[in-house]
Amino acid sequence: AQLGEAFQSFTILGRFFEAMTLRRNTTVLFDTYLGTRTRDYVLGGLIQRGDGTNIRAAILYCDLRDSTTLSETLSRDVYLHLLNDFFERAVEPVLAQGGEVLKFIGDAVLAIFPVEADEAGDEEVAAACRRAREAAQAIVARMAAAPAHSNRPPLRCAVGLHFGDLMYGNVGAPTRLDFTVTGQAANVAARLSTVCKELEQPLVFSGEFARHAPDGLHSLGAKQLRNVGESVEVFAVSGAEFG
């Protein structure tokens, strides 16, 4: 009888540890593909098209400069290695500052630094913007520090930072969803990365972002962004000091 009870106990414990291992593996998998914040929403049951919430956030959009030329002139393996190095150098500062990397869009990174709706005071907004700026400046510094040699050109990035309202949730087709952000604020951040290339700046800020975290920024004037109705005043770091 004791042997039977012991066997039954081992069976129960085995099932328990199996469930714990499965949960841990699922958490790691969701962290890897979704990020910790998005993981919690999905595991919490927001899995239908249209499920989500409205948030305010600092938005960071980081694009790889000269990617078309690089993809055409480098071998597939060299370009893939360069692209993964670019993503790693862009992602780590975002995570270090508590941001959420939402997706890789071709050769670009989209990340957010959200402010909870019930904590959206001026101080909290300014704190989110400061964290986004710290991450962006670290990204630029890390790109500049990347090794370059004969078959591996230097890494250059174009980073746009904006602050605004977003819908954060599921979009897509009924059988294929993407948990991301939508709204004009995300569009502005992406367009600002294009302005970086026009002005030969690695990092620019919208006027709305600069309003919340103005220290050390100077205006580059108003720019008309594609698919954005009103012109946007653009700012850069004075002296272009990063890191």
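Here the structure is a predicted model, which means the values were calculated and not measured.

Visitor: Any chance you could break down the nonpolar core for me, citing the residues and the numbers?
Guide: Counting 42 residues, the largest nonpolar core has Leu60, Cys62, Phe86 and Phe209 as the members making the most contacts within it. Residue assignment for this core shows that the elements contributing at least two residues are strand 1 (52-64), helix 4 (76-96), strand 3 (108-115), helix 5 (122-144), strand 4 (157-173), strand 6 (203-206), helix 7 (207-212) and strand 8 (232-237). Of the residues forming this core, the biggest block, nine residues, is contributed by helix 5. Those residues in contact with Phe86, other than ones at most four positions away along the chain, are Cys62, Asp63, Leu64, Asp107, Val109, Met143, Leu155 and Cys157. If you look at the next biggest cluster of nonpolar residues, it comprises 17 residues, including Ala57, Leu166, Ala186 and Ala190.

Visitor: Let's hear about the packing of aromatic side chains: which residues, and what values?
Guide: The geometry of an aromatic ring pair is captured by the separation of the ring centres together with the interplanar angle, meaning the angle of the planes. Going through the model one piece at a time under the given rule, you end up with four aromatic pairs. Here the aromatic rings of Phe205 and Phe209 are separated by 5.4 Å at their centres, their planes lie at 40°, and the arrangement is tilted. The burial state of Phe205 is the same as that of Phe209; both residues are buried. Feature note: the residues Phe86, Phe87 and Phe104 constitute an aromatic cluster, connected by ring pairs.

Visitor: Quick one: what's the story with the pattern of salt bridges, residue by residue and with numbers?
Guide: Applying the stated criterion across every chain yields a total of eleven salt bridges. The shortest N-O distance in the salt bridge between Asp85 and Arg89 comes to 2.9 Å. Here Asp85 and its partner Arg89 are both found in helix 4, four residues apart, which amounts to about one turn of the helix. The burial state of Asp85 is the same as that of Arg89; both residues are buried. One network of salt bridges, with partners in common, ties together Arg65, Asp66, Arg156 and Glu200.

Visitor: Go over the side chain of Arg39 with me, naming the residues and quoting the values.
Guide: In this structure, Arg39 sits in helix 2 (residues 36-43). A residue is classified by how much of its surface remains accessible, and Arg39, at 15% relative accessible area, is buried. Only 2.8 Å separates the side chain of Arg39 from the side chain of Asp40, close enough to count as a polar contact.

Visitor: Residues and numbers for helix 2, please.
Guide: Arg37, Thr38, Arg39 and Val42 are the residues of helix 2 that are buried. Gly45, located one to two residues past helix 2, shows a positive phi value of around 110°.

Visitor: I'd like to hear about the environment of Ala111, residue by residue, with values.
Guide: Looking at where Ala111 falls in the secondary structure, it is placed in strand 3. Given a relative accessible area of 0%, Ala111 falls into the buried group. With 50 residues separating them along the chain, Ala111 and Leu161 place their C-alpha atoms 9.9 Å apart. Ala111 has contacts with Ala58, Ile59, Leu60, Val94, Glu100, Val101 and Leu102, leaving out every residue within four places of it along the chain.

Analysis parameters
Residues numbered from 1 in each chain as written. Predicted model: local features only at pLDDT ≥ 70, side-chain atom pairs only at ≥ 80, totals over all residues. Heavy atoms only, no water. Core = buried A, V, L, I, M, F, W, Y, C linked by side-chain atoms within 4.5 Å. Buried < 20%, exposed > 50% of the residue type's maximum accessible area, 1.4 Å probe, protein only. Helix = DSSP H or I, 4+ residues; strand = E, 2+ residues; numbered from the N terminus. Contact = heavy atoms within 4.5 Å. Phe/Tyr/Trp six-rings, centres within 6.5 Å; stacked < 30°, edge-to-face > 60°. Salt bridge = Lys/Arg side-chain N within 4 Å of Asp/Glu carboxyl O. Polar contact = N/O pair within 3.5 Å; in protein donor to acceptor, adjacent residues only side chain to side chain.

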